[in-house]
Amino acid sequence: MIPKRLIAFSLFAALAFAPAGSLRAQWVPTNGPFGSYVDCAAISGSNLFVATNNGIYRSTNNGQTWAASNNGLPTNSFCNAYALAASGPNIFVSLYPDGVFRSTDNGLTWGDANNGLPQDNSPIARFAVSGTHLFATTGQGIFRTTDNGTSWKVVMISLTDTANGVIAANGSNLYVGTSTPSHVFHSTDDGNSWSAEKGGLTGKEIQDFAFMEANVFALVNVAWPNLTSILVSTDAGANWTTTNSGTIDSTIFAMAVIGSNLFAEGRNGVFLTNDNGAHWSRPNNSGWPGIPRSLSFPHPLVANESQLFAGTTFGMYISSDSGGSWIESNSGFPYARNLNNLTQIGTTLFAGTYELGAYRSKDDGASWRQCNTGLNLEWIDVLAFAAIGADIFAGTQDGVYHSSDDGMNWEPDTTGLNTGITSLVVMGSNLFAGSNRGVHLSTDQGRSWNGVNNGLTDTNVFAMVVGGSNLFVKSWTGLFHSTDSGKTWTRLKNLPDTNVSSLVTIGTNLFLGTSDIFNAAGIFRSTDNGLSWTAANKGLNLPYALVGALTAIGTNLFVATLDGVYVSNDSGNNWIPVNTGLSSNCFVTLFAANQSYIFAGVADSGVWRRPLSELIPQNAGTELPALKHELRTYPNPFSQSTTISFTPETSGHAEVSVVNLLGVEVARIFSGVLDAGEHTFTWNPEGLSDEIYECLVRMNGRVEALPVMLLR
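Not measured: the values here are computed from a predicted model.

Draft legend 1. Representation of the sheet that holds strand E7 (residues 90-95) within the structure. Reading across the sheet, the four strands line up as E6-E7-E8-E9 and stay open at both edges, with antiparallel pairing between neighbours. Among the strands making up the open sheet, the edge pair consists of strand E6 (81-87) and strand E9 (111-112). For E6 and E7, the ladder comprises six bridges, and the chain directions are antiparallel. Across the sheet, residue Ser87 finds its bridge partner in E7, namely Asn90.

See below:
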């Protein structure tokens, strides 16, 4: 057998003599933005499992990174998980409508475990582990397995309602909570017999149990739709009293215990009591994302000996200080669903999402963080961004918000604006907002708004674009044009297709993309402000040129169609496909760009990027300065650290980074202005595995690349 290191070194040698930059000649995914509903969670030794709307994920390092764990699960239902449980070395998940699946190898593979369970497609609502036995609640009662899920048998009891039953175990005590009205059933003999406990219980539904020594806590829904209360019993469930729940959120999703501390997860954070609920406190909860009222449903809260793991609408969060501070833990999770917008503002890349709010990246997509502080979390669809000076504006379903600190905090700008926003554009010092009520204008940086719809016969505005002194609006039925800052509008005639999906301008040229395969498809160009149009589709694959996104970068055009991404460097006269790295089923719906990269929002796959230097040719007369000497690293291969050296001929902004072979950035070594002359940097990788990486230097619009090999 050939030694692994010899194989790796041979590959390294081949890459080392590849043309500079050849490893980067493709699209690669950025690290997000991430975001998933987390429905349930379970801890098994050093493994943490969560069920999301995109499948099962496992972490082996306390939530620092996640990997999909769906091998063997039915693809039609693994996003419909109702319950997770760990019983010894076995992991169980309940999926709708396919039932229970078991893993005996820490989630690497799964197999069917439905023998003896009802076949009516009713979901398993909850699992409970009592000793070596596993219990499950179904619409037909409670079932028990004594052979790790190989077979199940019904526990013959009569309950008022077990369809949504919550089941939990504390030593030899087993508890089942039901709904309509609330009941608690208690068993001390492994589920063979049960007694009904109702003393002091009120409410409509038992939603969760927690145990602290001999005390039993029940989370009860007491009023529709989301008013909850926490009750405590000191006599194994025979009698219940309400804790001092008035000091915590009116909606609580889940409870967890660490030592003598009981934690309750609500919309606004996690609350704590260490005196059995007599008094509650709310830790600082720094970093907590908040949970919108419109998305209130059960969220998991689990704990090991020292950490809390909270599942939220926005993914997983971890606290190591009893809820005082929270760290987002979504690395490796599925991408945020339905990106609505990508916008580069200064050095920050913003992404607007459906339901998950705003994200931002300060390092070209290497890392993403949600930036929703101050946004009305009842409405977190962010559809547009714009900027005037240091003020950044976000268009949401709840109106316009502005930020003066690069998106860290937001404040509403809704005076005179009582509608959801679909688009934002800036013309000089004027800010325009599009909505289903037409176009709105602010001349005071968003502080007040007035409608400007004279002549706009269709007020369902979906997009706007500025070209010099011209303002164009895309509505439901066509295009409108204004030459007087929106005071009056004229409908454009002779459009090739009313189903316009995108608009951009380059100088005096107006380009539109259409998305109707039954009529005109592709790109059309107007040189007379939309009075007449000619097709600009040479090189596009018709009739599959339905335009999902169109953008202009300088004098270059980029378009995304059903057939991939194309670039035109001659105002749309010719198109060249640039799809390397994108799979055939990737559909790009958004573009953004800065000086170094073009970014693409890919449906269900987050944000991807590619260096502009690969796609936009440099004219011979204006070619930017190259590096005087090739990029050098020493030692290479290396075990502890390596020195990176290069010598530019002129000064300029430079970035020095390291990526893996998938193009994901693993280290940002330098970003700033460098003078001409030799520069040296040291890379000390921490926590990285033995692998071939790629050192990148970007300076003055040029990219130099060199493979480096880590061998410890």
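Structure's up, so let's keep going.
Draft legend 2. Fine view of the side chain of Ser319. Among the secondary structure elements, Ser319 is positioned in strand E27 (residues 315-319). The class for Ser319 is buried, based on a relative accessible area of 1%. Of note is the side chain of Ser319, whose polar atom sits 3.0 Å from the backbone oxygen of Ser325. Leaving out residues up to four positions away in the same chain, Ser319 has contacts with Ser306, Gln307, Leu308, Gly324, Ser325 and Trp326.

Draft legend 3. The pattern of salt bridges, seen in detail. For the structure shown, the criterion picks out nine salt bridges. The partner of Glu614 in a salt bridge is Arg610, and the shortest N-O contact between them spans 2.7 Å. Classification of Glu614 by relative accessible area gives partly exposed; the value is 28%. With a relative accessible area of 7%, Arg610 lands in the buried category.

Draft legend 4. Local environment of the environment of Leu174. Along the polypeptide, Leu174 turns up in strand E15 (residues 173-178). By relative accessible area, Leu174 is classed as buried at 2%. Between the alpha carbons of Leu174 and Phe135 there is a distance of 9.4 Å; along the sequence they are 39 residues apart. Excluding its chain neighbours within four sequence positions, the residues that come into contact with Leu174 are Ala128, Phe135, Ile167, Ala168, Ala169, Phe185, His186, Ser187, Gly191 and Trp194.

Draft legend 5. Structural detail: the side chain of Ser568. Its place among the elements puts Ser568 in strand E51 (residues 564-568). Overall, the relative accessible area of 1% leaves Ser568 in the buried class. At 2.9 Å, the side chain of Ser568 and the side chain of Asp570 are in polar contact. Excluding residues within four positions of it along the chain, Ser568 makes contact with Thr555, Asn556, Leu557, Asn573, Asn574 and Trp575.

Draft legend 6. Examining the pairing of E15 more closely. Among the six residues in E15, five count as buried, and that is most of the element. In this sheet, E15 lies alongside strand E14 (residues 166-170) in antiparallel orientation, the contact comprising five bridges. Note on E15: the bridge partner recorded for Val166 is Gly177. Hairpin connection from E14 to E15: two residues lie between these consecutive antiparallel strands, with Gly171 at a positive phi of about 65 degrees. With five bridges joining them, E15 and strand E16 (residues 183-187) adopt antiparallel strand pairing. Across the sheet, residue Val176 finds its bridge partner in E16, namely Phe185.

Draft legend 7. Inspection of the sheet that holds strand E30 (residues 348-353) at higher detail. Spatial strand order, E29-E30-E31-E32: four strands in an open sheet with antiparallel pairing. In this open sheet, the two strands that pair with only one neighbour each are strand E29 (339-345) and strand E32 (369-370).

Draft legend 8. Here's a closer look at the pairing of strand E4 (residues 55-59). Of all the five residues making up E4, four are buried; the element is thus mostly covered by neighbouring parts of the structure. The pairing of strand E3 (residues 47-52) with E4 spans five bridges and is classified as antiparallel. Bridged to Phe49 within E4 is Arg58. As consecutive antiparallel partners, E3 and E4 are separated by two residues.

Draft legend 9. Representation of the layout of surface pockets in the model. Quantified by volume, the second largest pocket comes out at close to 1500 Å³. Top element by residues in the lining of the second largest pocket is E29. It accounts for seven residues. Class assignment of the residues belonging to the lining of the second largest pocket gives a composition of 31 nonpolar, 15 polar and two charged.

Draft legend 10. Structural view of the nonpolar core. Grouped together as the largest cluster of nonpolar side chains are 29 residues, with contacts concentrated most on Phe263, Leu301, Leu308, Trp326, Leu342, Trp368 and Phe599. Taken together, the elements giving at least two residues each to this core come down to strand E22 (252-258), strand E24 (269-273), strand E26 (308-312), E29, E30, strand E53 (588-593) and strand E54 (597-602). The biggest single contributor to this core is E22, with four residues. Apart from the residues lying within four places of it in its own chain, the contact partners of Phe263 are Ala254, Met255, Ala256, Ile258, Val270, Phe271, Leu272, Leu301, Leu308 and Ser322. Trp27, Phe558, Phe591 and Ile598 belong to the second-largest nonpolar core, a separate cluster that totals 19 residues.

What counts, and where the lines are drawn
Numbering of residues begins from 1 in every chain and follows the order in which that chain's sequence is written. Local features in a predicted model are, by the rule used here, given only for residues with pLDDT of at least 70; side-chain atom pairs are given and counted only at 80 or more, and totals for whole chains, interfaces and linings are based on all residues. Calculation of side-chain values draws on the structure's entire complement of heavy atoms; hydrogens and water are dropped beforehand. A pair of strands is treated as paired once DSSP finds two or more bridges between them. A run of H or I in DSSP becomes a helix once it reaches four residues, and a run of E becomes a strand once it reaches two; helices and strands are each numbered from the N terminus. Categorising residues by exposure relies on relative accessible area from a 1.4 Å probe, with only protein chains included: less than 20% of the type maximum marks a residue as buried, more than 50% marks it as exposed, and the intermediate range marks it as partly exposed. For this analysis, a polar contact is any N or O atom pair within 3.5 Å, provided that within protein one partner can donate a hydrogen and the other can accept it, and provided that sequence-adjacent residues contribute only side-chain to side-chain pairs. Contact criterion: two residues are considered in contact whenever any of their non-hydrogen atoms come within 4.5 Å of each other. Should a side-chain nitrogen of Lys or Arg be within 4 Å of a carboxyl oxygen of Asp or Glu, the pair is scored as a salt bridge. Space inside and on the surface of the protein is sampled on a 1 Å grid over the protein atoms alone, with a cavity defined as a set of points where a 1.4 Å probe fits but cannot get out and a pocket as an open set with protein on both sides within 12 Å along at least 5 of 7 lines; lining residues have an atom within 4 Å of a point. Grid points are joined across faces, edges and corners, and a volume is the space filled by probe spheres set on the points. Residue type decides the class: Asp, Glu, Lys and Arg count as charged, Ala, Val, Leu, Ile, Met, Phe, Trp, Tyr, Cys and Pro as nonpolar, and the leftover types, Gly among them, as polar. By convention a nonpolar core is built from buried Ala, Val, Leu, Ile, Met, Phe, Trp, Tyr and Cys residues, the set being connected through side-chain atoms within 4.5 Å.

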